[in-house]
Amino acid sequence: MDQTTLVLLLLPIIVIQLGLMIFTLVDLVKNPNPNGPKWLWGILIIFVNILGPILYLVIGRRNY
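Residues numbered from 1 in each chain as written. Predicted model: local features only at pLDDT ≥ 70, side-chain atom pairs only at ≥ 80, totals over all residues. Heavy atoms only, no water.

Quick look at the packing of helix 1 (residues 3-30) against helix 2 (residues 38-47) now. Contact pair helix 1 / helix 2: the axes reach a minimum separation of 10 Å and the direction vectors enclose 175 degrees. Our classification of the angle between helix 1 and helix 2 gives roughly antiparallel. Contact residues: helix 1 offers Met-21, Thr-24, Leu-25, Leu-28 and Val-29, while helix 2 offers Lys-38, Trp-41, Gly-42, Ile-45 and Ile-46. (Axes fitted to C-alpha atoms, helices over the stretch in contact; angles between N-to-C directions. Helix = DSSP H or I, 4+ residues; strand = E, 2+ residues; numbered from the N terminus. Parallel < 35°, antiparallel > 145°, perpendicular 65-115°, else oblique. Contact = heavy atoms within 4.5 Å.)

Have a look at this one:
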C-alpha cells in the first residue's frame with residue numbers, strides 16, 4: 001500500500017472529523033446553557049477526536 005492509497009482512504013475520515021468538530025464548536029458557542037461547563041465541552045470536542053463531538057451532541061446539548 002503506497003502513500004497515495006493511504007491518504008485516499010483516510011481523507012473521508014478526516015473530512016468527517018473536521019466537519020463534526022466545526023459544527024459542534026459553533027453549536028457550543030451559540031448554546032446559552034449546555035449540560036456542563038462550556039470550557040470542558042470545548043476541550044472534549046477538540047482533543048477527543050470523533051468521540052468528543054458525538055458525546056456533545058448526545059449528552060451536552062439541551063433541547064428545550
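Okay, the packing of helix 2 against helix 3 (residues 51-60) next. Following both chains from N to C, one finds helix 2 and helix 3 inclined at 140 degrees, their axes separated by 7 Å at the closest point. Relative to helix 3, the element helix 2 is oriented oblique. On helix 3, the residues that touch Trp-41, Leu-44 and Ile-45 of helix 2 are Gly-52, Pro-53, Leu-55, Tyr-56, Ile-59 and Gly-60. In terms of residue class, the contact of helix 2 with helix 3 is made up of seven nonpolar, two polar and no charged. (Nonpolar A, V, L, I, M, F, W, Y, C, P; charged D, E, K, R; others polar.)

As a further point, take the packing of aromatic side chains. The relation between two aromatic rings is expressed through the spacing of the ring centres and the mutual angle of the planes. Within the structure shown, the criterion is met by one aromatic pair. Between Trp-41 and Tyr-56, the ring centres sit 5.6 Å apart and the planes meet at 70 degrees, which makes this aromatic pair edge-to-face. Of the two residues, Trp-41 is situated in helix 2 and Tyr-56 in helix 3; the sequence distance between them amounts to 15 residues. Looking at Trp-41, the relative accessible area reads 9%, which means it is buried. Residue Tyr-56 is classed as buried on the basis of its relative accessible area, which comes to 0%. (Phe/Tyr/Trp six-rings, centres within 6.5 Å; stacked < 30°, edge-to-face > 60°. Buried < 20%, exposed > 50% of the residue type's maximum accessible area, 1.4 Å probe, protein only.)

To continue, consider helix 3. Listing the buried residues of helix 3 in full gives Gly-52, Pro-53, Tyr-56 and Gly-60. Mapping the buried residues of helix 3 onto a view down its axis gives an arc of 100 degrees, with all of them on the same face. Along helix 3, the residues that are exposed and aim more than 90 degrees away from the buried face are Leu-51 and Val-58. (Arc of directions from axis to C-beta.)

Next up on the list: the pattern of salt bridges. Taken as a whole and assessed by the stated rule, the structure comprises one salt bridge. Its salt-bridge partner being Arg-61, residue Asp-27 comes within 3.1 Å of it at the nearest N-O pair. Placement of Asp-27 in helix 1 and of Arg-61 in the segment after helix 3 is noted, with a sequence separation of 34 residues between them. (Salt bridge = Lys/Arg side-chain N within 4 Å of Asp/Glu carboxyl O.)

Remember that the coordinates give geometry; whether it matters functionally is a separate question.
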